[in-house]
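Here is what each chain is made of, one letter per residue.
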Amino acid sequence: MFCWKVVNNALALGKNMSKYVKDTEPYCMMCDNQNVEDEMHLFVNCSFSRKVWQDFTLNNIHLNSGNTNILQWFKTWMNVKSLNEKHNLIFFNLWSIWKYKNNVHFDNVVHDVQKLIDNIRASHLKLSLDRDSKAGHLPMLRSLITTVTTLTVTIMIGLYTLTPLLLKLITLWDMQSLFLIKQGPENIVEQDAAGLPSH
């Protein structure tokens, strides 16, 4: 659900909140650049988040490389073969940045990038060890979990891409239904068993 919200620009970030909540600043509080806080900024372009990404060996996925939106950024790194085994870590980093940003915003935590990096390393290691222990150290199961996670996100991205088309089809279907209702039963030609109009 979290990744779906990220790629659909549906998180309660400055840019979105400033549209609906009076006197809300749209700017990022994690960096001093006064950039509008949206998903692409918080998770990719923010100087705070970049320091987090730089501390992990993830092919510099934090570098924009021409991506203009968060969905394109997701698609870019998901198609990098060398990162296939690291998708769980990437998702964990995204979730950790989001949680930490909320701690800074709502709990007045002073942002400390090294503290977040240390927490991510410790928590992710613990989760990995727990998963390995429950899986009986079967690498195949770990690979399956990674594949299912990747497939889920791929499906979410696909649905995001198809949403405008589906909405158009539903609208057309509704319009056709309304047209048939307006025609009324008196205008519907009865057909016999052979499918020919009866007189």
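Conventions adopted
- Residues numbered from 1 in each chain as written.
- Predicted model: local features only at pLDDT ≥ 70, side-chain atom pairs only at ≥ 80, totals over all residues.
- Heavy atoms only, no water.
- Helix = DSSP H or I, 4+ residues; strand = E, 2+ residues; numbered from the N terminus.
- Buried < 20%, exposed > 50% of the residue type's maximum accessible area, 1.4 Å probe, protein only.
- Polar contact = N/O pair within 3.5 Å; in protein donor to acceptor, adjacent residues only side chain to side chain.
- Contact = heavy atoms within 4.5 Å.
- Axes fitted to C-alpha atoms, helices over the stretch in contact; angles between N-to-C directions.
- Left-handed = near helix turned anticlockwise from the far one by under 90°.
- Nonpolar A, V, L, I, M, F, W, Y, C, P; charged D, E, K, R; others polar.
- Core = buried A, V, L, I, M, F, W, Y, C linked by side-chain atoms within 4.5 Å.
- Phe/Tyr/Trp six-rings, centres within 6.5 Å; stacked < 30°, edge-to-face > 60°.
- Lys NZ or Arg CZ within 6 Å of the ring centre and 35° of its normal.

Visitor: Would you mind going over the side chain of serine 49 with me for this structure?
Guide: Among the structural elements, serine 49 can be located in helix H4 (residues 47–54). Among the residues examined, serine 49 registers a relative accessible area of 0% and is labelled buried. Within polar-contact distance, the side chain of serine 49 engages the backbone oxygen of leucine 42 at 2.4 Å. Leave out the neighbours within four places in its chain, and serine 49 touches Leu42, Phe43 and Ile97.

Visitor: What's the story with the packing of H4 against helix H6 (residues 87–107) in this structure? I'm lost.
Guide: Interaxial distance between H4 and H6 falls to 11 Å at its minimum, and their mutual angle equals 145°. Like other packed secondary-structure pairs, H4 and H6 cross with a definite hand, here right-handed. Judged by residue contacts, Phe48, Ser49, Val52 and Trp53 of H4 engage Ile90, Asn93, Leu94, Ile97 and Tyr100 from H6. Within the contact of H4 with H6, the residues separate by chemical class into seven nonpolar, two polar and no charged.

Visitor: Just to check I follow, could you spell out the nonpolar core for this structure?
Guide: Counting residues in each nonpolar core, the largest one holds 40 residues, and the members touching the most others are Phe43, Trp73, Phe74, Trp77 and Leu94. Residue contributions to this core peak at nine residues, all from H6. Setting aside its immediate chain neighbours within four residues, tryptophan 77 contacts Ile61, Leu83, His87, Ile90 and Phe91.

Visitor: How should I be thinking about the packing of aromatic side chains in this particular structure?
Guide: To describe a pair of aromatic rings, one takes the distance between the centres and the angle between the planes. This structure, assessed with the given rule, holds nine aromatic pairs. Considering the side-chain rings of tryptophan 53 and tryptophan 73, the 5.9 Å spacing of their centres and the 65° angle between planes classify their relative orientation as edge-to-face. Here tryptophan 53 is found in helix H4, whereas its partner tryptophan 73 is found in helix H5 (residues 70–78), with 20 residues between them in sequence. Here the aromatic rings of tryptophan 73 and phenylalanine 74 are separated by 5.7 Å at their centres, their planes lie at 80°, and the arrangement is edge-to-face. As far as the burial class goes, tryptophan 73 and phenylalanine 74 line up, both buried. Put simply, the rings of Trp53, Trp73, Phe74, Trp77 and Phe91 touch in pairs and so form one group of aromatic residues. In this structure, arginine 121 packs its charged tip against the face of phenylalanine 56, placed 4.4 Å from the ring centre.

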